[in-house]
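Coordinate analysis (summary)
Now for the letters of each chain:
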Amino acid sequence: MFRKVPSSVAFKKLRKRLLRNVRAAMDDYNMSTAKQKWLVCLSGGKDSYALLAILLDLKWRGLLDADLLACNLDQAQPGFPSDVLPRFFEEHEIPYHIERQDTYSIVKEKIPEGNTYCSLCSRLRRGNLYRVAREHGCDAVLLGHHRDDILETFFLNLLHGGRLATMPPKLKNEEGDLMLFRPLAYCEEADLAKFADLMQFPIIPCDLCGSQDGLQRQQVKAMLQGFEAQHKGRTQVMFRALSNIRPSHMLDTKLFDFAGLSVEDDRAGDDSDDNDGCGAMAALTSDFLTMHER
């Protein structure tokens with residue numbers, strides 16, 4: 001897959017940065033602990049292509065011991081070029097499985113015209129992928145969500161769901177028999193887009209959710225991009241805050257025993273805001289709310 005890539009210094013630095021970020025995420029969240037078999041999900045978009053390429057690169061370098069099975073869920077969308085991914089897999093001698101399930105018709109039937117398809121589409125897709133993983137004896141399902149996806153999901157939950165939550169890099173499914181990994185958790189979308197372009201991946205657009213305008217995720221993405229343009233590097237600071245949480249400085253009584261807290265109790269530590277990120281996060285959230293109202 002890397003035989004015809006650019007020989008430029010810029011590409012080499014980009015490739016090295018993505019490899020470093022993926023290895024860091026896998027190490028931080030202990031994704032690869034022993035010989036395993038992973039189902040690597042490909043939609044035909046830039047992110048999933050990049051995920052597969054980076055994992056294969058790690059295997060080539062002897063840094064990954066997992067067996068990889070590439071998988072595409074063909075959702076029977078009208079006009080979907082079903083020959084593109086099989087041809088790509090065969091050209092690069094990548095073990096693969098194509099699963100065809102008409103979830104497109106189900107989504108179109110269940111969701112009223114004008115509403116967002118993403119939630120139902122995602123649930124149907126995830127259920128089928130878990131089933132395929134079991135049928136092929138896989139230990140984990142790998143998705144191509146990146147740093148920007150994770151941050152966008154956090155703000156979607158904050159602004160529209162009334163909760164502080166996002167997509168974790170590592171998750172156990174509800175049945176408890178499979179893991180879900182997101183090795184691109186530390187990778188920026190801009191890097192992945194540049195990488196996919198230079199690698200000349202045969203990108204397949206999504207005509208289901210991609211055909212809808214004004215989605216909440218697109219609005220949040222625009223807010224984040226606007227904020228990054230005004231305050232360079234702040235999105236990375238916000239992302240870092242997701243792994244630097246102070247339960248005693250939030251309001252969730254299920255995460256911290258506020259009822260049992262007293263002056264004699266030293267569990268709360270120093271109440272000073274000097275070393276706490278909550279004040280900065282509150283200011284950033286205020287800025288986002290202002291932008292959103294505009």
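Below is a summary of the structure that appears in this document. Predicted model, so just to flag it, every value in this text is computed and none were measured. (Residues numbered from 1 in each chain as written. Predicted model: local features only at pLDDT ≥ 70, side-chain atom pairs only at ≥ 80, totals over all residues. Heavy atoms only, no water.)

**Points about the sheet that holds strand β4 (residues 140-142)**
Here we have six strands laid out as an open sheet, ordered β3-β2-β1-β4-β6-β5, and mixed in their pairing. Looking at strand neighbours, the two that pair on one side only are β3 (96-100) and β5 (170-172), the edges of this open sheet. Averaged over neighbouring strand pairs, the angle between their axes works out to 25 degrees when direction is ignored. In terms of strand pairing, β4 meets strand β6 (residues 179-181) through three bridges, oriented parallel. (Pairing = 2+ DSSP bridges. Helix = DSSP H or I, 4+ residues; strand = E, 2+ residues; numbered from the N terminus. Axes fitted to C-alpha atoms, helices over the stretch in contact; angles between N-to-C directions.)

**Considerations on a nonpolar patch on the surface**
Taken together, the side chains of L164, I245 and M250 define a hydrophobic patch exposed on the protein surface, amounting to about 290 Å² of accessible area. Here L164 is to be found in the loop between α6 (147-161) and β5. Judged by its relative accessible area of 52%, L164 is exposed. (Patch = residues over 30% accessible without salt bridge, like charges linked within 9 Å, V, L, I, M, F, W, Y side chains within 5 Å. Areas by Shrake-Rupley, 256 points an atom, 1.4 Å probe, with all protein chains shown as cover. Salt bridge = Lys/Arg side-chain N within 4 Å of Asp/Glu carboxyl O. Buried < 20%, exposed > 50% of the residue type's maximum accessible area, 1.4 Å probe, protein only.)

**Points about the packing of helix α1 (residues 9-28) against helix α2 (residues 46-60)**
For the pair α1 and α2, the least separation of the axes is 10 Å and the interaxial angle reads 85 degrees. Relative to α2, the element α1 is oriented roughly perpendicular. Across the interface between the two elements, R15, L18, L19, V22, R23 and M26 of α1 pack against I54, D57, L58 and W60 of α2. Tallied by class, the residues present in the contact of α1 with α2 amount to seven nonpolar, no polar and three charged. (Parallel < 35°, antiparallel > 145°, perpendicular 65-115°, else oblique. Contact = heavy atoms within 4.5 Å. Nonpolar A, V, L, I, M, F, W, Y, C, P; charged D, E, K, R; others polar.)

**A short note on the pairing of β3**
Taking every second residue as pointing to the same face, the buried face of β3 carries H97 and E99, while none of Y96, I98 and R100 on the other face is buried. Following the chain from strand β2 (residues 67-74) across helix α3 (residues 84-91) to the adjacent parallel β3, one finds a crossover that is right-handed. (Right-handed = clockwise from strand over helix to strand, strands pointing away.)

**Considerations on helix α4 (residues 103-110)**
For an α-helix, 3.6 residues make a turn, and residues three or four places apart therefore share a direction. Along α4, the residues classified as buried are T103, Y104 and V107. Mapping the buried residues of α4 onto a view down its axis gives an arc of 105 degrees, with all of them on the same face. (Arc of directions from axis to C-beta.)

**A short note on the packing of aromatic side chains**
For the coordinates displayed, the defined rule picks out 13 aromatic pairs. Ring geometry for Y49 against F88: centres 5.0 Å apart, planes inclined by 75 degrees, an arrangement best described as edge-to-face. Here F88 lies in helix α3 and Y49 lies in helix α2, a separation of 39 residues in the sequence. By the burial criterion, Y49 is buried, and F88 matches it. Members of the aromatic cluster, joined through ring pairs, are F2, F11, Y49, F88, F89, Y96, F195 and F201. (Phe/Tyr/Trp six-rings, centres within 6.5 Å; stacked < 30°, edge-to-face > 60°.)

**Details of unusual backbone geometry**
Trans is the prevailing form of peptide bonds, just as negative phi is the prevailing case for residues other than glycine. Phi is positive for N30, which is not a glycine, with a value near 50 degrees. Among the secondary structure elements, N30 is positioned in the loop between α1 and β1 (37-41). Relative accessible area serves as the criterion here: at 43%, N30 is assigned to the partly exposed category. A positive phi is found at E93, a non-glycine position, where the angle reads about 55 degrees. Relative to the helices and strands, E93 resides in the loop between α3 and β3.

**Details of the nonpolar core**
Ranked by size, the top nonpolar core spans 40 residues in total, and within it W38 and F195 carry the most contacts. Taken together, the elements giving at least two residues each to this core come down to α1, β1, α2, β2, α3, β4 and α7 (189-199). For this core, the leading source of residues is α2, giving eight residues. Counting 14 residues, the second largest nonpolar core, distinct from the first, contains C71, A133, C138 and L178. (Core = buried A, V, L, I, M, F, W, Y, C linked by side-chain atoms within 4.5 Å.)

Shape descriptors only; they carry no functional weight alone.
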